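Understanding the architecture of this molecule
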Amino acid sequence: RAAIPTFIMDTLSERGVRATKPFLPYLADFLRAMQDLWSEANPDGYLVGAVAENKLCVGDMKRKLASCRDIGPRVPFYDTFRATAALAEPLAEYLSEILAAPVRSDSIVASSGVTSSLDLTAWNLANEGDAILVPAPYYPAFNSDLTLRAGTKVVGVNCEAPAYDITREALDKAKADAEAQGAKPRVLLVVNPNNPIGFCYAPAPIHMCMDWCYENQMNYVS
């Protein structure tokens, strides 16, 4: 993309300047490929494998959306600023069932997408300069989602191939690395299923991560 003129950059805050940087290292290539996608009519186009789109469920989603015609009178207007009862109550019931622990509907907060959720997580759980530990490999946009507004640091937890298991040793090493950079570890973010590998972590490492966070007085986010 075209460079932003210096006189415009000079009017921005430090946060604004950070926001001008591409949130993905391969963003330019991705956008270029999206303008030239493969099809039978365009056999020389690109097949983009760097985006998390599940096209197999599009038909089911369209049919479901087409059937959602009961729009309540308050939908276009202000609500609780957290989540509507129509969403929070069934979601709390569902989470209580799968987590085998009671989840109250008034403890649920909804946001528009994972990027905003990660931004809110970093903003509310960590101070500027604190560290958020993320098992690696991880989606490179997390470096922007978690740091752009909150000013935190992302520190990778090295999970070695081929199993990419999260180990207590790797967590201890990442915590020590963060502290060596002068950053206080405040959050362990575990993306499950993993992005970009795609596998689901077994219960044992997840429980270990929760125990480790409790022992180190850190927030576990997943």
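You'll find the structure just up there.
In this text the structure is predicted, and so the values were computed from the model without any measurement.

Remember that side chains alternate between the two faces of the sheet whenever the strand is regular. Most of strand β1 (residues 131-136) sits inside the fold, with five of its six residues counted as buried. Bridge analysis of β1 against strand β2 (residues 153-158) gives six bridges, and the strand direction is parallel. Bridge pairing in β2 links leucine 133 to valine 155. Sheet topology note: the β1/strand β3 (residues 185-189) ladder contains three bridges and is parallel.

Among the structural elements, alanine 170 can be located in helix α8 (residues 168-180). The spatial distance from the C-alpha of alanine 170 to the C-alpha of valine 157 is 5.9 Å, given a sequence separation of 13 residues. When sequence neighbours within four positions are dropped, the list of residues in contact with alanine 170 reads Val157 and Asn158.

With that settled, the discussion passes to the packing of aromatic side chains. For the structure shown, the criterion picks out three aromatic pairs. Pairing tyrosine 138 with phenylalanine 142 gives two aromatic rings, centres 6.3 Å apart and planes at 10°, and the pair type is stacked. According to the relative accessible area criterion, phenylalanine 142 is buried, its value standing at 5%. Pairwise contacts between aromatic rings join Tyr138, Tyr139 and Phe142 into one cluster.

Rules used throughout
- Within each chain, residues carry numbers counting from 1 in the order of the written sequence.
- Local features in this predicted model are restricted to residues of pLDDT 70 or higher, and side-chain atom pairs are both shown and tallied only at a pLDDT of 80 or more, whereas totals for entire chains, interfaces and linings draw on every residue.
- The side-chain values count all of the structure's non-hydrogen atoms but skip hydrogen atoms and water molecules.
- Exposure categories follow from relative accessible area, calculated using a 1.4 Å probe and restricted to protein chains: below 20% of the type maximum is buried, above 50% is exposed, and the middle band is partly exposed.
- Segments assigned H or I by DSSP are reported as helices when at least four residues long, segments assigned E as strands when at least two residues long, and all are numbered from the N terminus.
- Strands are labelled as partners when DSSP assigns at least two bridges between them.
- Contact definition: two residues touch when any of their heavy atoms are within 4.5 Å.
- Between the rings of Phe, Tyr and Trp (Trp by its six-membered ring), a pair exists once the centres lie within 6.5 Å; its type follows the angle of the planes, with under 30 degrees stacked, over 60 edge-to-face, and the other angles tilted.

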